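# Observations on the three-dimensional arrangement
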Amino acid sequence: DGAAGCGGGAPSPRLDTRHNQRFVAVEVRATMDGELPRSFYCALTHELMREPVMDADGNTFERAAIEHWLERSATSPITRRPMTKADLRPNRALAEAIAAAGAESGGGGG
């Protein structure tokens, strides 16, 4: 029964977390070619994120950019659903991936 958990059945939240970590790992490997992955850039500013935060829908933004947006609008800039600063959570896996990519490329931001 070594195939348990490989395929059938509903995925657990734990499995989803591992999937997200694998996705980030694949994204980091892409930096070896000199290109940073699109996921490293804010959906609002299109600039490399320093403090990525995720909304309830899984969209990631630079904290300062989304907080500025929410001062003017109480909705998600992507879904237009109601949203507040309290809905934002740090995207630690992405922040670590961005930091690792910067360290590997010799960059540290500015």
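Thresholds applied
Residues numbered from 1 in each chain as written. Predicted model: local features only at pLDDT ≥ 70, side-chain atom pairs only at ≥ 80, totals over all residues. Heavy atoms only, no water. Helix = DSSP H or I, 4+ residues; strand = E, 2+ residues; numbered from the N terminus. Buried < 20%, exposed > 50% of the residue type's maximum accessible area, 1.4 Å probe, protein only. Areas by Shrake-Rupley, 256 points an atom, 1.4 Å probe, with all protein chains shown as cover. pLDDT = per-residue confidence, 0-100. Contact = heavy atoms within 4.5 Å. Arc of directions from axis to C-beta. Salt bridge = Lys/Arg side-chain N within 4 Å of Asp/Glu carboxyl O. Core = buried A, V, L, I, M, F, W, Y, C linked by side-chain atoms within 4.5 Å.

## Examining the overall build of the chain
From N to C terminus, the chain includes 3 helices and 3 strands. Ordered by position from N to C terminus, the α and β elements of the chain give α-β-β-α-β-α. Residue burial in the chain is summarised as follows: out of 110 residues, 26% are buried. Approximately 7700 Å² of the chain is accessible, and the part contributed by carbon and sulfur atoms is 52%.

## Some thoughts on the confidence of the model for the chain
Looking at the chain, the pLDDT average stands at 78 and 63% of residues meet or exceed 70. Low pLDDT, under 50, characterises residues 1–20; the stretch is placed with 1 contact to residues that sit more than four places away or in other chains.

## Considerations on helix α2 (residues 63–72)
Considered for burial, the residues of α2 that qualify are Ala65, Ile66, Trp69 and Leu70. Down the axis of α2, the buried side of the element spans an arc of 130°, and every buried residue falls inside it. Turned more than 90 degrees away from the buried face of α2 sit Ala64 and Glu71, all of them exposed. Next to the buried residues of α2 lie β1 (52–54) and β2 (60–62).

## Considerations on unusual backbone geometry
Glycine aside, a negative phi is what most residues show, and trans is what most peptide bonds show. One non-glycine residue, His46, adopts positive backbone phi at about 60°. Judged by its relative accessible area of 60%, His46 falls in the exposed class. One non-glycine residue, Arg80, lies in positive phi territory at about 65°. Position of Arg80 among the secondary structure elements: in the loop between α2 and β3 (89–90). Exposure remark for Arg80: the relative accessible area of 52% places this residue in the exposed category.

## Quick word on the pattern of salt bridges
Inspection of every chain in the model, using the stated rule, returns 4 salt bridges. Between Asp57 and Arg81 there is a salt bridge, with the nearest N and O atoms lying 3.6 Å from each other. With a gap of 24 residues between them, Asp57 in the loop between β1 and β2 and Arg81 in the loop between α2 and β3 connect regions that are remote in the sequence. A relative accessible area of 39% places Asp57 in the partly exposed class.

## What about the nonpolar core?
Ranked by size, the top nonpolar core spans 15 residues in total, and within it Phe40, Ile66, Leu70 and Leu88 carry the most contacts. If you list the elements that add at least two residues to this core, you get α2 and α3 (92–105). When neighbours within four sequence positions are excluded, Leu88 is seen to be in contact with Val53, Met54, Asp55, Ile66, Glu67, Leu70 and Met83.

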